[in-house]
Amino acid sequence: MVQKRTLDTFFQPPSQKKAKLEDQPAHSTATTSQPASTHKTYPFAVPQFPDSIQEILISSTPAAEGKSITHLQDLDLLYFQPFIPKSIENELFNFLRSKLFFYRVKYKIKRGPLETDINTPRFTTVFGLDETSKFGPGGGGSGGGGEILDTKSGVKVPVDKYKKCVCEPRPIPACLDQLRQITEVFTGSSYNFCLVNYYAGGNDSISYHSDDERFLGPEPAIASFSLGARRDFLLRHKPPKNGEMLGDEDSKVLKYPLVSGDMILMRGKTQANWLHSIPKRKGGEVDKGRINITFRKAMVPGGTANYYQYNVGVGEVYKWNPLSRQMEPWTDHGKSPS
Ligand SMILES: O=C(O)CCC(=O)C(=O)O
């Protein structure tokens, strides 16, 4: 594991800012001196983390060593309980819930001649670009924010390169990009996409699936953060393809009750062989809401198109309303009254 000193050096704040930070208690609600992230594709600007969050993220993550879970066939997890220190997990949850824009994506799937309408049972949002492209300078997103450039040549990509995307790709805002970079240091993998789920209550869920799309390449590493309400994370082995039988232990459902601040890294053969889900739940903390952040690496433009289709879609923007304490459709009153 890379030493913390490396991380401190990596994110060395400007000296002026550091002096200001040292004057403030860790729980301070101080705002940041850094600019908000803006981009032509963002419905509204996304602020940088307050100094109170940044300082702890840089100096004190991960809050615990990752525990390796490899006792079952093809399973390779690294479980941080927690990764995000207890002193900031609630502030981080509240910040992300109130500052990000979300979507409630609807789409159709075709099974034979039948078309079925799917309403994604949670709020989602996504940022990033696959390995073949990068954002050029000129915007507020920390990955650049301007035009989309070819990764190798640095030249602007042809206008039709992302024509299969339902919307223009968006750079990861500086706040989430800071968490991405920290995650890279402590997982030894690199990521170019950030997907965010918000489960408003116990009826919001994600059904059993695996993140084994070809556009992620073989043996993808996916770092998955939990913030807010405790929810069960279930894993079960896929039925073996070649008629083999699974052992008794390998065929059991695994249940991890993820709490705020936890991070599970899924890697190796996990996605090829295991399914995971967050099932609907009643009671407990579920109505507090839960945010899940995953960092992944898409290799080709097909991955970019897929992520925007299923996590942004073509519907309206939602934003957290602190008065009604729920996600509500957001309209840009300044520009386009609806
Ligand atoms: O919310 C979670 O913990 C899981 C999210 C997930 O499986 C996904 O976004 O693919």
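Residues numbered from 1 in each chain as written. Predicted model: local features only at pLDDT ≥ 70, side-chain atom pairs only at ≥ 80, totals over all residues. Heavy atoms only, no water.

Novice: Looking at this model, I keep getting lost on the site of the ligand. Mind explaining?
Specialist: Near the ligand you find Asn-197, Tyr-199, Ile-206, His-209, Asp-211, Ser-224, His-276, Ile-278, Arg-290, Asn-292 and Arg-296, and these make up its full shell. Measuring from an oxygen atom of the ligand, one finds a side-chain N or O atom of His-209 at 2.9 Å. Here an oxygen atom of the ligand and a side-chain polar atom of Arg-290 are 2.8 Å apart. When the ligand is considered free in solution it has 300 Å² of accessible area, and contact with the protein chains removes 97% of it. When residues of the shell around the ligand are traced back to their parent elements, those giving at least two are strand 8 (193–199), strand 9 (206–209), strand 14 (274–278) and strand 15 (290–296). Residue contributions to the shell around the ligand peak at three residues, all from strand 15. (Near = heavy atom within 4 Å. Polar contact = N/O pair within 3.5 Å; in protein donor to acceptor, adjacent residues only side chain to side chain. Areas by Shrake-Rupley, 256 points an atom, 1.4 Å probe, with all protein chains shown as cover. Helix = DSSP H or I, 4+ residues; strand = E, 2+ residues; numbered from the N terminus.)

Novice: Whenever I open this one, helix 4 (residues 86–99) confuses me. Can you help?
Specialist: Each α-helix winds once per 3.6 residues, and so residues spaced three or four apart point in a common direction. The end-to-end C-alpha distance of helix 4 is 21 Å, a good match for the 20 Å that 14 residues give at a rise of 1.5 Å each. Buried within helix 4 are the following residues: Ile-88, Glu-89, Leu-92, Phe-93, Phe-95, Leu-96, Arg-97 and Ser-98. (Expected span 1.5 Å × (residues − 1). Buried < 20%, exposed > 50% of the residue type's maximum accessible area, 1.4 Å probe, protein only.)

Novice: Looking at this structure, I do not really get the environment of Arg-104. What am I missing?
Specialist: Tracing the sequence through the fold places Arg-104 in the loop between helix 4 and strand 3 (106–111). For Arg-104, a relative accessible area of 29% corresponds to the partly exposed category. Through-space distance from the C-alpha of Arg-104 to that of Val-314 is 9.5 Å; in sequence the pair is 210 residues apart. Leaving out residues up to four positions away in the same chain, Arg-104 has contacts with Thr-120, Pro-121, Arg-122, Phe-123, Asp-204 and Tyr-318. Within the structure, the side chain of Arg-104 is placed 3.5 Å from the backbone oxygen of Thr-120, a separation counted as a polar contact. (Contact = heavy atoms within 4.5 Å.)

Novice: Would you take a moment to explain the UniProt feature "binding site: substrate" (unreviewed entry) in the protein chain for this structure?
Specialist: When the UniProt feature table is mapped to this numbering, "binding site: substrate" (unreviewed entry) covers Asp-212. Here Asp-212 lies in the loop between strand 9 and strand 10 (222–228). (UniProt positions renumbered as here; feature names shortened; annotations may be inferred.)

Novice: Quick question: what am I supposed to make of the sheet that holds strand 9 here?
Specialist: With respect to topology, four strands assemble into an open sheet ordered 9-14-11-12, the strand pairing being antiparallel. This sheet does not close on itself; its edge strands, each paired only once, are strand 9 and strand 12 (254–258). Neighbouring strand axes in the sheet, compared pairwise and without regard to direction, differ in orientation by 15° on average. Direction of pairing for strand 11 (residues 231–237) relative to strand 14: antiparallel, over a ladder of four bridges. Counted as the bridge partner of Leu-234 is Ser-277 from strand 14. (Pairing = 2+ DSSP bridges. Axes fitted to C-alpha atoms, helices over the stretch in contact; angles between N-to-C directions.)

Novice: Is there a simple way to explain the sheet that holds strand 5 (residues 123–128) in this structure?
Specialist: Whenever strands of a sheet pair, they do so through backbone hydrogen bonds, lying parallel or antiparallel. On the basis of which strands lie adjacent, the open sheet formed by seven strands has the order 1-2-13-10-15-8-5 and antiparallel pairing. Each having just a single partner strand, strand 1 (67–69) and strand 5 make up the two edges of the open sheet. Across the sheet, the axes of successive neighbouring strands diverge by a mean angle of 20°, strand direction being ignored. With six bridges joining them, strand 10 and strand 15 adopt antiparallel strand pairing. Bridging from a neighbouring strand, Ser-226 pairs with Asn-292 of strand 15.

Novice: Is there a simple way to explain the pattern of salt bridges in this structure?
Specialist: Scanning the entire structure with this criterion turns up 12 salt bridges. With a closest N to O distance of 2.9 Å, Arg-104 and Asp-204 form a salt bridge. With Arg-104 in the loop between helix 4 and strand 3 and Asp-204 in the loop between strand 8 and strand 9, this residue pair connects regions lying 100 residues apart in the sequence. Here Glu-249 and Lys-252 are joined by a salt bridge, their closest N and O atoms 2.7 Å apart. When salt bridges that share partners are traced, they join Lys-40, Glu-147 and Glu-168 into one network. (Salt bridge = Lys/Arg side-chain N within 4 Å of Asp/Glu carboxyl O.)

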